[in-house]
Amino acid sequence: MRYNLNKLTDIFGIDLRTLALFRILLASTILLDLLTRSYDLTAHYTDFGVLPRNVLIDYLSPSTVSLHLINGTMPFQAALFLLAGIIAIFLLIGWHTKIMVVLSWLLMLSLQNRNVLILSGEDNLMLLMTFWAMFLPLGAKYSLDNALNRNSDNISNRFLSFATAAILIQGMSMYFFSALLKTDARWVPDGTAVYFALQLDYLATPFAMWFRQFEALLTPLTYYVWGLELIGPILIFSPIFQRKLRMLFLLAFVTMHIGFFLFLEIGLFPLISIVMNLLFLPSWVWERLALYLKSKQQRPLTIWYDQDCGFCLKMVRFLRVFLMLDHADIKPAQIQDDTRQLMAIHNSWIVQIDGKYSLKWNAMADLVSQSPLFRLFLKPMRLSFIHKIGDRGYDWVADHRSTLSKVSNRWFPFHNRSITPTKTSQALAVIFLGFVTVQNISTLPNAGLSLPQEFKSVRQSLGLYQNWTMFAPYPELDSPWPIITGELKDGSLVDVYNKTLEPPVFIKPDVVSKVYTSGRWRKYLSNMEDRSYEDGPYLMSLNYGRYLCRIWNESAEEQRQLKTFKIYFNVERTQPPGMPKLLDRRQVWEHFCF
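The notes below deal with the structure included here. In this text, all values refer to a predicted model and were calculated from it rather than measured experimentally.

## Structural notes on the layout of surface pockets
By volume, the second largest pocket is sized at about 640 Å³. As for the second largest pocket, its lining consists of 26 residues, and the residues nearest its centre are Arg17, Tyr142, Leu325, Asp326 and His327. Mapped onto the lining of the second largest pocket, the elements with two or more residues apiece are helix 8 (144-147), helix 15 (283-296) and helix 16 (310-322). For the lining of the second largest pocket, the leading source of residues is helix 15, giving six residues. A per-class count over the lining of the second largest pocket returns twelve nonpolar, seven polar and seven charged.

Next up, the structure:
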């Protein structure tokens, strides 16, 4: 029975140290996502931008929820961005981790619902990873929660629950169902899908433009990507040759996404995909890493603190966790004569390495010298002026220990928490895993499964959307880039897209992907070009046109205001290998500002 449980843990469990790494990387990715979005905060998230709230309503289902819809001003949106960033930082350091991951998910869902026209696969995957993270003990290791948990030393690193199985299966479902949806002959048997993908100049990086000359490599790469997505999600859970196969496919998926990053401008999708794949990092990797570090640099280390100062104990526990000094002993200085006297004379904590004592800032530097991750900061810490600042900072802390202890008791109390999942969370994990699996099956062309409206409403409310059509059933064939020629009130012709007072150039740029200022704008404008083929009102073009009028004219002199403009797209269509691309220039909109 125990053998079977251990085997299940190897296959469907996640090491707590892996979950800590996932927490740190997920929070960092959330911060990076917020940062990149913030450059277009006004354009994408306010009523002044391309999608005012009264227009957005037409794109949302009744079950959609978004705090960002409460107010359409820039200060309000900026405040929500700032709040999300602060919560992500708390998630990063692992303070009230469970609460912070729930709040991060809520704000991420709200933010994504505020502008659905700029979303892509990266947003879907990031939201799903954050959703499943709510059911996992992300703060059990390398966190403030861990440092304050009196039971932390008694918790096994190997962790198994229905939620660990669910998030791993969710991650691999992305590849497996994507492979099943790649039904076009360009994948198999022709093997030309990678060729077509790298010909998409509006996505292709300069490296991709150079690499695609090696056409003989593109067919085997096509078969490799398709085969990896189809077989990898199965064999990564194999109970046979489990260690070797798991590491093999983990490395294969990670390197595939590194390739995507090098070849294609697809935003944060490669990064969040790598973060997801690292959940498969097994316990034995951490054990080997710990043995390696121990053989390289670990020396006997004791941290002595004032037992009458609750704040002091918490600080040394924080340092032991974040400097990754698991081997360090923490003892009250009062239990030993020499340390008690040193503390009384110097009013200082004490760090003992190989029997040698150090005090104040020197003690901090000595601790950092033993950290496998932060020792690179040791030289700056030894600089004389840094040393003086450090000692003064320590003296201030020592003089205010009583006040700091009261604050820490309020905001950082000790606790005795177990990571054993509740029956409710286990049941919910099973229910939601079934929910997303049914949804994935429904996306298959021959499944014959139709989802009821109530099902779709729940999906929309929780952000559990599943439809992994990455280059499926085949890569796009058309590569668009915008050109917007405008006329001012004084009759001057201008380049509205690039905001210059010269007429635009219709010649193809050297690197088309650089025409787009961000991945979000690329998604928005390519969506606009796609929808221009449809019958009916061109709402995207209309509201984009109104936005262009507003941003040009808000600060322009009377005669230099934008009067009218036309939106063109140059669209290149990729032909089979050996044939030149076809270029079509399309006017998708004409707008009058007055």
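There's plenty left to go through after this.
## Remarks on the packing of aromatic side chains
Scanning the entire structure with this criterion turns up 32 aromatic pairs. Centroid distance Phe211 to Phe214: 6.0 Å. Interplanar angle 65 degrees. Geometry classified as edge-to-face. Taken together, the ring pairs in this structure connect Phe90, Trp95, Phe318, Trp411 and Phe412 into an aromatic cluster. Sitting over the ring of Trp187, Lys182 keeps its end group 5.1 Å from the ring centre. Stacked on the ring of Trp411, the Lys or Arg Arg410 has its end atom at 4.6 Å from the ring centre.

## Here we look at helix 6 (residues 97-114)
Taking 1.5 Å of rise per residue, 18 residues should cover 26 Å, and helix 6 covers 26 Å from first to last C-alpha, within 8% of that figure. Among the 18 residues of helix 6, 13 are classified as buried, and the element is accordingly described as predominantly covered.

## Some thoughts on the pattern of salt bridges
For the structure on display, the rule yields 28 salt bridges. Residues Asp201 and Arg212 are paired through a salt bridge, measuring 2.7 Å at the closest nitrogen-oxygen approach. With Asp201 in the loop between helix 10 (193-198) and helix 11 (206-211) and Arg212 in the loop between helix 11 and helix 12 (215-235), the pair connects residues that are eleven residues apart, well separated along the chain. On the basis of relative accessible area, Asp201 is assigned to the buried category, the value being 2%. Residues Arg560 and Asp490 are paired through a salt bridge, measuring 2.5 Å at the closest nitrogen-oxygen approach. Of this pair, Arg560 sits in the loop between helix 25 (539-553) and strand 9 (562-573) while Asp490 is found in the loop between strand 7 (478-488) and strand 8 (493-495), placing the two residues 70 residues apart along the sequence.

## Looking at the sheet that holds strand 8
Spatially, the four strands line up as an open sheet ordered 8-7-9-10, and their pairing is antiparallel. Each edge of the sheet is formed by a strand with only one pairing partner; in this case those strands are strand 8 and strand 10 (582-592). Pairs of neighbouring strands in the sheet enclose a mean axial angle of 25 degrees, with direction left out of account. One ladder, built from ten bridges, connects strand 9 with strand 10; its direction is antiparallel. Following the sheet pairing, Val571 is matched in strand 10 by Asp584. Lying over the sheet, helix 24 (residues 519-531) contacts strand 7, strand 9 and strand 10, oriented at roughly 85 degrees with respect to strand 9.

## A closer look at the packing of helix 13 (residues 242-263) against helix 14 (residues 269-277)
Where helix 13 contacts helix 14, the axes come no closer than 9 Å and their chain directions differ by 170 degrees. Taken together, the axes of helix 13 and helix 14 are roughly antiparallel relative to one another. Judged by residue contacts, Leu250, Phe253, Val254, His257, Ile258, Phe260 and Phe261 of helix 13 engage Phe269, Pro270, Ser273, Ile274 and Asn277 from helix 14. In the contact of helix 13 with helix 14, the residues fall into nine nonpolar, three polar and no charged.

## Regarding the state of the cysteines
Applying the stated criterion to the full structure yields two disulfides. The partner cysteine of Cys309 in its disulfide is Cys312, sulfur to sulfur 2.2 Å. With the S-S dihedral at roughly 80 degrees, the linkage between Cys309 and Cys312 falls on the right-handed side. With relative accessibility at 3%, the residue Cys309 sits in the buried group. One disulfide bridge connects Cys549 with Cys593, the sulfur atoms lying 2.0 Å from each other. An S-S torsion of about -80 degrees defines the bridge between Cys549 and Cys593 as left-handed. Highlighted residues: Cys549 in helix 25 and Cys593 in the segment after strand 10, separated in sequence by 44 residues. Grouping residues by exposure puts Cys549 and Cys593 together as buried. Here the disulfide map of the protein reads 1-2, 3-4, the bonded cysteines being numbered as they appear in the sequence.

## A few points about the sheet that holds strand 4 (residues 329-332)
Spatial ordering of the open sheet is given by 4-3-5-6, a layout of four strands whose pairing is mixed. Looking at strand neighbours, the two that pair on one side only are strand 4 and strand 6 (356-359), the edges of this open sheet. Adjacent strand axes in the sheet meet at a mean angle of 25 degrees, parallel and antiparallel pairs treated alike. Of the pairings in the sheet, the one linking strand 3 (residues 301-305) to strand 4 comprises four bridges and is parallel in character. Note that in strand 4 the partner of Trp304 across the bridge is Lys331.

## A few points about the nonpolar core
Ranked by size, the top nonpolar core spans 142 residues in total, and within it Trp132, Tyr524 and Tyr544 carry the most contacts. By residue number, the principal contributor to this core is helix 13, which donates ten residues. Leave out the neighbours within four places in its chain, and Tyr524 touches Val50, Leu117, Ile118, Met540 and Tyr544.

## Points about a nonpolar patch on the surface
Together, Phe207, Trp210, Phe214, Leu217, Ile258, Phe261 and Leu262 line one region of the surface with nonpolar side chains, adding up to about 680 Å² of accessible area. If you tally residues by element for the nonpolar patch, the top one is helix 13, at three residues. Turning to its location among the elements, Phe214 is positioned in the loop between helix 11 and helix 12. The partly exposed category is assigned to Phe214, whose relative accessible area is 33%.

## Section: unusual backbone geometry
Cis geometry marks the peptide bond from Val188 to Pro189; its omega dihedral reads 15 degrees. With omega at 0 degrees, the peptide bond leading from Ala472 into Pro473 counts as cis. Considering the arrangement of structural elements, one finds Pro473 in the loop between helix 23 (453-462) and strand 7. Positive phi is not limited to glycine here, since Tyr142 has a value of about 50 degrees. Relative to the assigned elements, Tyr142 resides in the loop between helix 7 (121-133) and helix 8. For Tyr142, a relative accessible area of 17% translates into the label buried.

Definitions and limits used
Residues numbered from 1 in each chain as written. Predicted model: local features only at pLDDT ≥ 70, side-chain atom pairs only at ≥ 80, totals over all residues. Heavy atoms only, no water. 1 Å grid on protein atoms, 1.4 Å probe; cavity = no way out; pocket = protein on both sides within 12 Å on 5 of 7 lines; lining within 4 Å. Points joined across faces, edges and corners; volume = space filled by probe spheres on them. Helix = DSSP H or I, 4+ residues; strand = E, 2+ residues; numbered from the N terminus. Nonpolar A, V, L, I, M, F, W, Y, C, P; charged D, E, K, R; others polar. Phe/Tyr/Trp six-rings, centres within 6.5 Å; stacked < 30°, edge-to-face > 60°. Lys NZ or Arg CZ within 6 Å of the ring centre and 35° of its normal. Expected span 1.5 Å × (residues − 1). Buried < 20%, exposed > 50% of the residue type's maximum accessible area, 1.4 Å probe, protein only. Salt bridge = Lys/Arg side-chain N within 4 Å of Asp/Glu carboxyl O. Pairing = 2+ DSSP bridges. Axes fitted to C-alpha atoms, helices over the stretch in contact; angles between N-to-C directions. Contact = heavy atoms within 4.5 Å. Parallel < 35°, antiparallel > 145°, perpendicular 65-115°, else oblique. Disulfide = S-S within 2.5 Å. Core = buried A, V, L, I, M, F, W, Y, C linked by side-chain atoms within 4.5 Å. Patch = residues over 30% accessible without salt bridge, like charges linked within 9 Å, V, L, I, M, F, W, Y side chains within 5 Å. Areas by Shrake-Rupley, 256 points an atom, 1.4 Å probe, with all protein chains shown as cover.

By themselves, these observations are geometric and do not establish any function.
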